[in-house]
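Chain by chain, the residues run as shown.
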Amino acid sequence: MKKSRREFLGMSLGVGLTPIIKANSLENLMDLKEPEKKLKILILGGTSFLGPHQIAYALKRGHEVSIFTRGKTVPKVHQDLFSKVEKLIGDREDNLEALKNRKWDAVIDNSGRKTKWTEDTARLLEAQVEAYMYTSSISVYYPYVGTDFSEERSLVTEIPKGVSEQAQLTYEYGVMKATSEMATMNAFGPQRSYIVRPSLIVGPGDRTDRFPYWLSRLEKGGDILIPGKKEEVVQYIDVRDLAEWMIRLLENKAAGVYNGSGPGFEMTTNAFVHGVHASYNSPVNYIQIDDLNFLKENEIIGIQPWVIQLPEYAGMSKSDNRKAIAAGLQFRPLSETVSATKEWWYSNAVAQERRDNILTSQQSLMSREKDILEKWQNRKK
Ligand SMILES: NC(=O)c1ccc[n+]([C@@H]2O[C@H](COP(=O)([O-])OP(=O)(O)OC[C@H]3O[C@@H](n4cnc5c(N)ncnc54)[C@H](OP(=O)(O)O)[C@@H]3O)[C@@H](O)[C@H]2O)c1
């Protein structure tokens, strides 16, 4: 029997769409596999950027969550879920009373800002908790020189003598993370330690303007300064991909050290810019500036999420994520990261002052961009 055009389209859409929707919806596929055991999870921190997304996913998976904070930071995303979370109050500096004589299946140490903090909680919780997950950073690889940015790379655990003040600050964070990883391993051993080293984290609730900058800039359109080379590599991780995978690592008892970076392919700055702009209609004219001296002179050396290839940063966007992918790390497409971040950026969760600041503050590249581009044109003449 001959079919009408509408019937034909309806059928072909129906037949074609079902498998496509399933294949794309990796999150749903993962969620089909119920966790074998409902876990009791303690999060040190939990109210800032990464924590609320971990909490949302953990609760969705049927786990119980307690958080330990000073009770100062107010969550900006998933606020409604905090009524379902046990709140323990203390201070990692000098008051861990609320953690004593309690049992959890796993602790996630998000708020590790000092090695001593992690030493103290790891030592205290070693007999009360089965697994310790430490949220580290790819900053443990600083200086990012050489070619191996896998989990096997040996880490700097002391700030070298005689380095510049700026380098000292960068070393400080990486060394703190590396020695905190050691504190975790020392107390919990390799079978019970989970070390996750995220690259730059982006998405709803971001406390930095690194990623929102590009949303605002590409939305505005016009002549857009793109620093660095087109083919430089960009790495970032959507906070939800990271948070969900961290919970699944605990469910799967997949102890180990992992780089938590994305995306799942080598993304260039060019692909990143075009990928973000695909969500906007603004007319744009990209002006790529890859003259390192000019970029340095104009203080536009670290416009993230990618990093200009100064020698000591050459490998910052090259962390090897194969082990993480094998252990279940999955990636939303950039378009989903953009749409969720946009929705959050224009919600009440973000103060208008912050949105204005990104456009007009003196430090923001956006407010300096016109002058810099003029300088660039004159220099070329
Ligand atoms: N953002 C990135 O791009 C990035 C990249 C790589 C790695 N990381 C790592 O990812 C982790 C997660 O970061 P995050 O942004 O979600 O924030 P976070 O590190 O979890 O920090 C904030 C949390 O710690 C609590 N806190 C702060 N001082 C405390 C104290 N003295 N005692 C007890 N609790 C305290 C805060 O609550 P109160 O203020 O109420 O105490 C808040 O819940 C961090 O370890 C960070 O180093 C981040």
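Above: the structure in question.
The text that follows walks through the structure, step by step, so that each part is easy to find. In this text, all values refer to a predicted model and were calculated from it rather than measured experimentally.

When helices and strands are tallied, the protein chain shows 13 helices and 12 strands. Scored against the burial criterion, the 381 residues of the protein chain give a buried share of 38%. Sequence-distant contacts, at least 24 apart, represent 78% of the contacts inside the protein chain between residues at least 6 apart.

This brings us to the sheet that holds strand E10 (residues 256-260). Strand order in the open sheet made by the seven strands is E3-E2-E1-E4-E5-E6-E10, with parallel pairing throughout. Edge positions in the sheet fall to strand E3 (86-89) and E10, since each has one partner strand and no second. Strand-to-strand, the axes of this sheet are offset by a mean angle of 20°, without reference to chain direction. Of the strand pairs in this sheet, strand E1 (residues 40-44) and strand E2 (residues 64-69) are connected by five bridges, and their pairing is parallel. Bridge pairing links Leu44 to Phe68 in E2. Sheet contacts for helix H4 (residues 115-125): E1, strand E4 (104-109) and strand E5 (129-135); angle to E5, the most-contacted strand, approximately 165°. Against the sheet, helix H7 (residues 239-251) engages E4, E5, strand E6 (193-198) and E10, with an angle of about 165° to E6.

This brings us to the packing of helix H3 (residues 50-60) against H7. Taken N-terminus to C-terminus, the directions of H3 and H7 make an angle of 55°; their axes are 8 Å apart at the nearest point. One way to sum up the angle between H3 and H7 is to call them oblique. Classified by chirality, the crossing of H7 by H3 is right-handed. For the pair H3 and H7, the contacting residues are Leu50, His53, Gln54, Tyr57 and Ala58 in the first and Val239, Arg240, Leu242, Ala243, Glu244, Met246 and Ile247 in the second.

Taken together, 24 residues lie near the ligand, and Gly45, Ser48, Thr69, Arg70 and Ser111 sit nearest. Here the residues of the shell around the ligand sort into five nonpolar, 13 polar and six charged.

The next thing to look at is unusual backbone geometry. At the junction of Tyr142 and Pro143, the peptide bond is cis and its omega measures out at -5° in the coordinates. Mapped onto the secondary structure, Pro143 falls in the loop between E5 and helix H5 (165-192). A cis amide bond, omega -5°, links Gly262 with the succeeding residue Pro263. With respect to the helices, strands and loops of the structure, Pro263 is situated in strand E11 (residues 262-268). One non-glycine residue with positive phi stands out, namely His78, at about 55°. We note that Glu299 has phi near 50°; this positive angle belongs to a residue other than glycine. Of the residues examined, Glu299 has 12 C-beta atoms within 10 Å and is grouped as exposed.

Take the environment of Gly262 next. Looking at the element boundaries, Gly262 is found in strand E11. Among the residues examined, Gly262 registers 29 C-beta atoms within 10 Å and is labelled buried. Setting aside chain neighbours within four positions, we find Gly262 in contact with Gln235, Tyr236, Ile237, Asp238, Asp241, Asn321 and Phe331.

Moving on to the packing of H4 against H5. H5 packs onto H4 with a crossing angle of 15° between their chain directions and a minimal axis gap of 8 Å. Relative to H5, H4 is oriented roughly parallel. Handedness of the crossing formed by H4 with H5: right-handed. For the pair H4 and H5, the contacting residues are Thr115, Thr118, Glu119, Ala122 and Arg123 in the first and Met176, Thr179, Ser180, Ala183, Thr184, Ala187 and Phe188 in the second.

Further remarks concern the pairing of E6. Of all six residues making up E6, six are buried, and the element is well covered by its neighbours. Burial along E6 is two-sided: the residues Ser193, Ile195 and Arg197 and Tyr194, Val196 and Pro198 are all buried. Pairing of E5 with E6, which is carried by four bridges, proceeds in the parallel orientation. Looking across to E6, one finds that Tyr134 is bridged to Ile195. Pairing between E6 and E10: five bridges, direction parallel. Bridge assignment links Ile195 to a residue of E10, and that residue is Val257.

To continue, consider the sheet that holds E11. What the three strands build is an open sheet, ordered E7-E9-E11; its pairing is mixed. Each having just a single partner strand, strand E7 (201-202) and E11 make up the two edges of the open sheet. Sheet topology places E7 next to strand E9 (residues 233-238); two bridges connect them, and they run parallel. Counted as the bridge partner of Val202 is Asp238 from E9.

Let us now look at the nonpolar core. In summary, soluble globular proteins display a tendency toward joint burial of nonpolar side chains. Counting 61 residues, the largest nonpolar core has Ile41, Ala106, Val107, Tyr132, Met133 and Met246 as its most contacted members. In contact with Tyr132, not counting residues within four places along its chain, are Val107, Asp109, Ala122, Leu125, Thr184, Ala187, Phe188, Arg192, Ser193 and Tyr194. Tyr141, Tyr144, Val175 and Met316 belong to the second-largest nonpolar core, a separate cluster that totals 10 residues.

About the cut-offs
Residues numbered from 1 in each chain as written. Predicted model: local features only at pLDDT ≥ 70, side-chain atom pairs only at ≥ 80, totals over all residues. Helix = DSSP H or I, 4+ residues; strand = E, 2+ residues; numbered from the N terminus. Buried ≥ 20, exposed ≤ 12 C-beta atoms within 10 Å, placed from the backbone. Contact = placed C-beta atoms within 7 Å. Pairing = 2+ DSSP bridges. Axes fitted to C-alpha atoms, helices over the stretch in contact; angles between N-to-C directions. Parallel < 35°, antiparallel > 145°, perpendicular 65-115°, else oblique. Left-handed = near helix turned anticlockwise from the far one by under 90°. Near = placed C-beta within 6 Å. Nonpolar A, V, L, I, M, F, W, Y, C, P; charged D, E, K, R; others polar. Core = buried A, V, L, I, M, F, W, Y, C linked by C-beta atoms within 7 Å.

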